[in-house]
Amino acid sequence: MKPTCIAIIGFPTSGKTTLGRALAKATGIHFLDYEQLAACAPPPDPDLTSGTPEILERERGRMGVIYQVGHAAVEATLRLSVSVIIALPYASASSRRYLADAVQRGCGVLKLIRVTYDVTTEELERRLVAKGLDASWGSYHEAMFARFHEIEGPHRTVRMEGGEEGTRAADEAAIKYL
């Protein structure tokens, strides 16, 4: 049986890391998290929320480093015949294609799980504050929501409505898909 890459994708603050950790615990599959991968890239610009073209261009470059490191780790792990879970936004179709290419080079199978929730201003602010971020990041996240494209190919969408019960329901839905 080919090793599997389970890619958990979705907007920032959607619950990708929470679901990834729960799936890793339930399945014993190795989990690559955004925070781990981000340690390989420069830190974000403290003025990121200003949204100037120069700052946004640097952020795209920084995110490119994170994705490249993640894809290399996925490919190398699959080549060892070990399955892996990765959690990153994958907001564009091209970034998802690069992941699919890495999975193919690693001789694995790709399964996509999209995480979503009811995006209200209040819920977004609650999630940002819970992550220790300033609520002003909301405008950055709203721009990210607008960029997110529909997913091509087979995938499962799970809803992370928060709390232990929401996490448990999302975890169960994801495991059924796997």
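What you see is a predicted model, and the numbers here were worked out from it, not measured in a lab.

Chemist: Can you lay out the pattern of salt bridges for me, pointing to particular residues and giving the numbers?
Modeler: Scanning the entire structure with this criterion turns up 6 salt bridges. For Asp33, the salt bridge is made with Arg21, and the minimal N-O distance between the two is 3.7 Å. Of this pair, Asp33 sits in the loop between strand S2 (30–32) and helix H2 (34–38) while Arg21 sits in helix H1 (residues 16–27), and the two are 12 residues apart along the sequence. Among the salt bridges present, the one from Glu75 reaches Arg105, with a minimum N-O distance of 2.9 Å. Placement of Glu75 in helix H3 (residues 53–79) and of Arg105 in helix H4 (residues 93–105) is noted, with a sequence separation of 30 residues between them. Here Glu75 falls in the buried class, since its relative accessible area comes to 15%.

Chemist: Summarise the nonpolar core; cite the residues concerned and give the values.
Modeler: Core analysis: the biggest nonpolar cluster contains 19 residues, and Cys5, Ile66, Val74, Ile86, Leu88, Tyr90 and Leu99 have the highest contact counts within it. Elements represented by at least two residues in this core include exactly strand S1 (4–10), H2, H3, strand S3 (84–87) and H4. Sort the elements by how many residues they give to this core and H3 lands first, with 5 residues. Leave out the neighbours within four places in its chain, and Ile66 touches Tyr34, Leu37, Ala38, Ala41 and Leu88. Grouped together as the second largest cluster of nonpolar side chains are 16 residues, Ile8, Ala24, Ile29 and Ala174 included.

Chemist: Can you tell me about the sheet that holds S1, naming the residues and giving the values?
Modeler: Strand order in this open sheet of 5 strands is S2-S3-S1-S4-S5, and the pairing throughout is parallel. Unpaired on one side and paired on the other, S2 and strand S5 (155–159) mark the two borders of the sheet. Pairwise comparison of adjacent strand axes, ignoring direction, gives a mean angle of 20° for this sheet. Two elements, S1 and S3, share 4 bridges in a ladder whose sense is parallel. Residue pairing in the sheet places Ile6 in a bridge with Ile85 of S3.

Chemist: I'd love a proper account of the pairing of S1, names of residues and values included.
Modeler: Most of S1 is tucked away: 7 of the 7 residues are buried. Side-chain alternation along S1 places Thr4, Ile6, Ile8 and Gly10 on one buried face and Cys5, Ala7 and Ile9 on a second face that is also buried. When S1 meets strand S4 (residues 109–116), the two strands line up parallel, connected through 7 bridges. The partner of Ile6 across the bridge, within S4, is Lys111.

What counts, and at which threshold
- Residues numbered from 1 in each chain as written.
- Predicted model: local features only at pLDDT ≥ 70, side-chain atom pairs only at ≥ 80, totals over all residues.
- Heavy atoms only, no water.
- Salt bridge = Lys/Arg side-chain N within 4 Å of Asp/Glu carboxyl O.
- Helix = DSSP H or I, 4+ residues; strand = E, 2+ residues; numbered from the N terminus.
- Buried < 20%, exposed > 50% of the residue type's maximum accessible area, 1.4 Å probe, protein only.
- Core = buried A, V, L, I, M, F, W, Y, C linked by side-chain atoms within 4.5 Å.
- Contact = heavy atoms within 4.5 Å.
- Pairing = 2+ DSSP bridges.
- Axes fitted to C-alpha atoms, helices over the stretch in contact; angles between N-to-C directions.

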